[in-house]
Amino acid sequence: MVSFKTLLIFFLLLVISSCDAYQVSHDGRAITINGERKVLLSGSIHYPRSTAQMWPDLIKKAKEGGLDAIETYVFWNAHEPLRREYNFTGNLDLIRFLKTIQDEGLYAVLRIGPYVCAEWNYGGFPVWLHNMPGVQLRTANSVFMDEMKNFTQLIVNMVKEEKLFASQGGPIILAQIENEYGNVETSYGDAGKAYIDWCSNMAQSLNIGVPWIMCQQSDAPQPMINTCNGWYCDQFTPNNPNSPKMWTENWTGWFKNWGGRDPHRTAEDLAFAVARFFQTGGTFQNYYMYHGGTNFGRTAGGPYITTTYDYDAPLDEFGNLNQPKYGHLKELHDVLHSLEKTLTSGNISNNDLGNSVSVTIYALDNKSSCFLSNANTTTDATITYEGVKYNVPAWSVSILPDCRTEVYNTAKVNTQTSIMVKKSNEGESEAASLQWSWRPEKLDETVLLGKGHVSANKLLDQKVADDVSDYMWYMTSFNLGKDDPIWSDDMTLRVNGTGHILHVYVNGQYLGSKWATYGIFNYVFENKIKLNPGKNQIALLSATIGLQNYGARFDLVQTGVPGPVEIVGRNGDERVVKDLSAHKWSYKVDLNGLENKLYVGNPRFVSQWQSHDVPINRMMTWYKATFKAPLGNDPVVVDLQGLGKGLAWVNGQSIGRYWPSYLAEEDGCSTDPCDYRGPYSDKKCNSNCGQPTQRWYHVPRSFMSNDGDNEIVLLEEFGGNPSLVNFQTVRVGSACGNAYEDKLMNISCQGRPISAIKFANFGDTQGTCGSFEKGSCESNIDLLSIIQRECVGKENCSVAASESILGSTNCDNIAKRLVVEAIC
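Reading the values: rules and limits
Throughout, residues of each chain are indexed from 1 in the direction in which the sequence is written. For this predicted model, a pLDDT threshold of at least 70 governs which residues receive local features, and a threshold of 80 or more governs which side-chain atom pairs are given and counted, while totals over whole chains, interfaces and linings are taken from all residues. Computation of side-chain values: all heavy atoms of the structure, hydrogens and water removed. UniProt positions are given in the numbering used here, feature names are shortened, and annotations may be inferred rather than shown by experiment. Burial classes: relative accessible area under 20% of the type maximum marks a residue as buried, over 50% as exposed, and values in between as partly exposed (1.4 Å probe, protein chains only). Each helix is a run of H or I in the DSSP string that is no shorter than four residues. Each strand is a run of E no shorter than two, and both are numbered from the N terminus. To be clear, the arc concerns the directions from the helix axis to the C-beta atoms. In this analysis, two residues are considered to be in contact whenever any of their non-hydrogen atoms come within 4.5 Å of each other. Should DSSP find at least two bridges between two strands, the strands are taken to pair. Only C-alpha atoms enter the line fits that serve as axes; for helices the fit covers just the stretch in contact. Angles between N-to-C directions range over 0 to 180 degrees. Here a polar contact means two N or O atoms within 3.5 Å. Within protein one must be a hydrogen donor candidate and the other an acceptor candidate, and residues neighboring in sequence count only if both atoms are side-chain atoms. Only rings of Phe, Tyr and Trp enter the pairing, Trp through its six-membered ring, and a pair is recorded when the two centres are within 6.5 Å. The plane angle decides the type: under 30 degrees is stacked, over 60 is edge-to-face, the rest tilted. Side-chain atoms within 4.5 Å link the members of a nonpolar core, which is a set of buried Ala, Val, Leu, Ile, Met, Phe, Trp, Tyr and Cys residues. Residue ranges assigned to each domain were obtained from an automatic or database domain assignment.

In the annotation of an unreviewed UniProt entry, the entry for the protein reads Beta-galactosidase, and the organism field reads Nicotiana attenuata. Checking UniProt for the protein, the heading Subcellular location (unreviewed entry) contains the comment "Secreted, Extracellular space, Apoplast".

Here's what the structure looks like:
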């Protein structure tokens, strides 16, 4: 017989369990969680682009920055690299990542996809999927849909098992199926529409208890919520009046490609885009990226996407605050949250004043909040509302929570700008260069003997190898007599390639290399050759730089050597072509040193490393050295200037592809301050022209030991000089505080004391952080002494931008600012 006490405990457990679940619903105005309409601010952090040790700090900083949720993709090719063989360990521990979000009290948005784009290798698809018989990707194809359903169910069941959906009391309030399919759907015809309908039905059948979303999908079937991705989404309207207005990707900057400049999106423009979105009825907005992180290993897709995925995000690649972007957005988030009830339930009225100027009023319970918007790209506006005049700068939004007092304007930055610097490795007892040992990559079996693992009488797409390596050899031999019509003193080898790198060897001798540029998928390699009467050997080494990740039928973009491969002979005006494409080709995947895992210190090969006569500018060479971990907790980078291209490891952990010899484009940069006004694109506000595309590479501290020696290993593909390689730390070098009148000026050296004040002015200041000058007016007292007294020796300090503290000024009709530059 069950006791009354046991029944009571059981009843209480049921009550507690039911209370833990979140009821997530939506209507045309907002996402509702447990009956409360929400203004939701989210940020993308991809768990594999950081390390598990970084997750708690990143998520904590996101919460402190005013976010409600963390959004992440799920990376199919990372979790199922071989069919039905799964990996959810280490940095791929999705469940641990979601629980870290939960521990910080934030919501989560799970973008299962499982196509993700994301500048990720092959868009997140495993390449074995491409090689399945009868498969067609992202269309109504049973082979593909069965595999997609299997992986999606796997993720959903894992998450359900850990009770991580909001309906179970977990943090996940939204889930996404497919990704940006609407951008390419027409290319798939009726099968594309059928596929999207299937995606919707399949997702709904999983019964996760929270809404499903589809971004960039204007024909999303109900009850899917279609969402917007882009620089600006204020003009976006959902395809159903009962769906809330949601922005899944607000691009905080842009990714970088090899040969590309450094893109930068200003804090003012990003804040303008967010404020406009909520002015026009937005309810959920996600920063893509909030922390971009690093493309470790071979994860960068594209192709030609760099190892850094910093994305000019509010948290930089290393997890530092990217100021002023982080702080300026935090202020905006605080204001928007304070208006949550009014924005999601209030009555909306709009007043278009012309010349791209408008006023929006949200009214609820006899209270009103106002947005004053000026989308003009050049002209400031004076807006009169309820008899009061407000100055609204061009390309900005002012927010008045009570429709009387401006508390925030997107163009007026009241937060510090941090200048980050690199510092030498204080873990080394002396500043001597690293002591290198080396060994060659063994090439004889391929370039001389043409030995491979498989053969075929045709040229194969490199994807046949399931992308287990960047490298694949194409090898063939042929006989040629002097009486052959092609024989001449003017013969060339011509190879049609597909945009990635090609190294060519003929009869054991290196002939040359070729590669195209970002966005170009084909090129022709053609060099003069000298052939032998009799047998000749050709070896082509194809090296990928990440597989295509975006576009209609991106999976079919050829990789490797599609051919033709031809010998071209010329005798005067006569031209003879010998096509080798249908010859017997032998194939070998990977390089010898990669097969033998030289990057993890394999003891079988210790004797083959040499410490004398270390060569430089030598192709296909392995280098290794030991180093001490830099002291302290600052993020660590390795400077690879002087090297060509290759792969790098620290203590056996891949830190990604490197290519510092690839210089960014010469044109398109300006030394003038970036003008935030006007629509942003990735061509605006660029820097780093003519410099190495990427010189510094993130080495997470979890990859290193603080005790004893650490080992760096390089596979140098092109040939470079390792003598310049060194380890440094990244920290705030100087901080420039900025506050408009009646605001608070804050400066922080993020863990270090302020050592000096270089500049201080209250009034009109010209220039940018690091090069300030006093303008037409200033305070009438010795401001520098006041700021020094308040700030020097402290980790952070605050000073009110007020004439009562800083003295009166002779500024007329000029917006006064307190500007301070501190040395950390």
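**Student:** Is there a simple way to explain helix 2 (residues 55–64) in this structure?
**Tutor:** Every α-helix carries 3.6 residues per turn, so stepping three or four residues along brings you back to the same face. Looking at helix 2, one finds that the buried residues are Trp55, Leu58, Ile59, Lys61 and Ala62. An end-on view of helix 2 places all buried positions within 160° of arc, on one side of the element. Those residues of helix 2 hidden inside the fold are in contact with strand 4 (40–45), strand 5 (69–73), helix 4 (94–103), strand 11 (282–291) and helix 9 (325–338). Following helix 2 by one or two positions, Gly66 has its phi on the positive side, about 95°.

**Student:** Before we go on, may I ask you to explain the pairing of strand 16 (residues 388–392) in this structure?
**Tutor:** Looking along a regular strand, one sees side chains alternate from face to face of the sheet. Relative to strand 16, strand 15 (residues 381–385) runs antiparallel, the two being bridged by five bridges. Residue pairing across strands places Ala381 opposite Val392, the latter belonging to strand 16. In this structure, the hairpin formed by strand 15 and strand 16 is closed by a connection of two residues, where Glu386 is found at a positive phi of approximately 50°.

**Student:** So what exactly am I meant to see when it comes to the sheet that holds strand 36 (residues 710–716) here?
**Tutor:** Working definition: the strands of a sheet are paired by backbone hydrogen bonds and lie parallel or antiparallel to each other. A sheet is described by the order of its strands in space; here five strands give the open sequence 20-31-36-33-34, paired in antiparallel fashion. Each edge of the open sheet is held by one strand with a lone partner, namely strand 20 (437–440) and strand 34 (653–658). Across the sheet, the mean angle separating the axes of adjacent strands is 20° when strand polarity is ignored. As paired strands, strand 33 (residues 646–650) and strand 34 are joined by five bridges and run antiparallel to one another. By the bridge assignment, Val650 is partnered in strand 34 with Gln653.

**Student:** Help me understand the UniProt feature "domain: SUEL-type lectin" (unreviewed entry) in the protein in this model?
**Tutor:** On the UniProt side, "domain: SUEL-type lectin" (unreviewed entry) is annotated at positions that read residues 739–824 here. End-to-end, the C-alpha atoms of residues 739–824 are 19 Å apart, and along that stretch the chain is 15% helix and 42% strand.

**Student:** Which parts of the structure should I look at to understand the side chain of Lys463?
**Tutor:** Counting through the fold element by element, Lys463 comes out in the loop between strand 21 (454–456) and strand 22 (471–480). At a separation of 2.7 Å, a polar atom in the side chain of Lys463 contacts the main-chain carbonyl oxygen of Val557. Lys463 has contacts with Tyr122, Val127, His130, Asn131, Leu547, Asp555, Val557, Gln558 and Thr559, leaving out every residue within four places of it along the chain.

**Student:** Just to check I follow, could you spell out the packing of aromatic side chains for this structure?
**Tutor:** Between two aromatic rings, the relevant description is the distance of the centres plus the angle of the planes. One pass over the full model with this rule turns up 49 aromatic pairs. Relative to Phe151, the ring of Trp76 lies with its centre 5.3 Å away and its plane at 15°, an arrangement referred to as stacked. With Trp76 in helix 3 (residues 76–79) and Phe151 in helix 6 (residues 142–161), this pair connects stretches of sequence that are 75 residues apart. Among the residues examined, Trp76 registers a relative accessible area of 0% and is labelled buried. A relative accessible area of 0% means that Phe151 is categorised as buried. Between the aromatic rings of Trp231 and Tyr680, the centroid separation amounts to 4.8 Å while the plane-to-plane angle is 85°, which identifies the pairing as edge-to-face.

**Student:** Where do I start with the environment of Asn688 in this structure?
**Tutor:** Following the sequence through the fold, Asn688 ends up in the loop between strand 34 and strand 35 (696–698). Between the C-alpha atoms of Asn688 and Arg261, which are 427 residues apart in sequence, the distance is 5.7 Å. Every residue in contact with Asn688, bar those within four places of it in the chain, is listed here: Asp262, Ala664, Cys669 and Thr693.

**Student:** Any chance you could explain the nonpolar core here in plain terms?
**Tutor:** A general trend in soluble globular proteins is that nonpolar side chains are found buried together. Judged by nonpolar contacts, the single largest core of 129 residues is most densely connected at Phe144, Trp212 and Leu336. Counting the residues that make up this core, at least three belong to each of domain 1 (35–322) and domain 2 (347–412). The contacts of Leu336, once residues within four sequence positions are left out, are Val39, Leu41, Val274, Phe278, Leu343, Phe371 and Ile399.

**Student:** What is the right way to look at the sheet that holds strand 2 (residues 31–33) in this model?
**Tutor:** Pairing within the open sheet is antiparallel, and its three strands lie in the order 1-2-3. Only two strands of the sheet have a single partner each, and these edge strands are strand 1 (24–26) and strand 3 (36–38). Each strand axis lies, on average, 35° off the axis of its neighbour in the sheet, ignoring direction. Where strand 2 lies against strand 3, three bridges are found, and the strand directions are antiparallel. Across the sheet, residue Thr32 finds its bridge partner in strand 3, namely Arg37.

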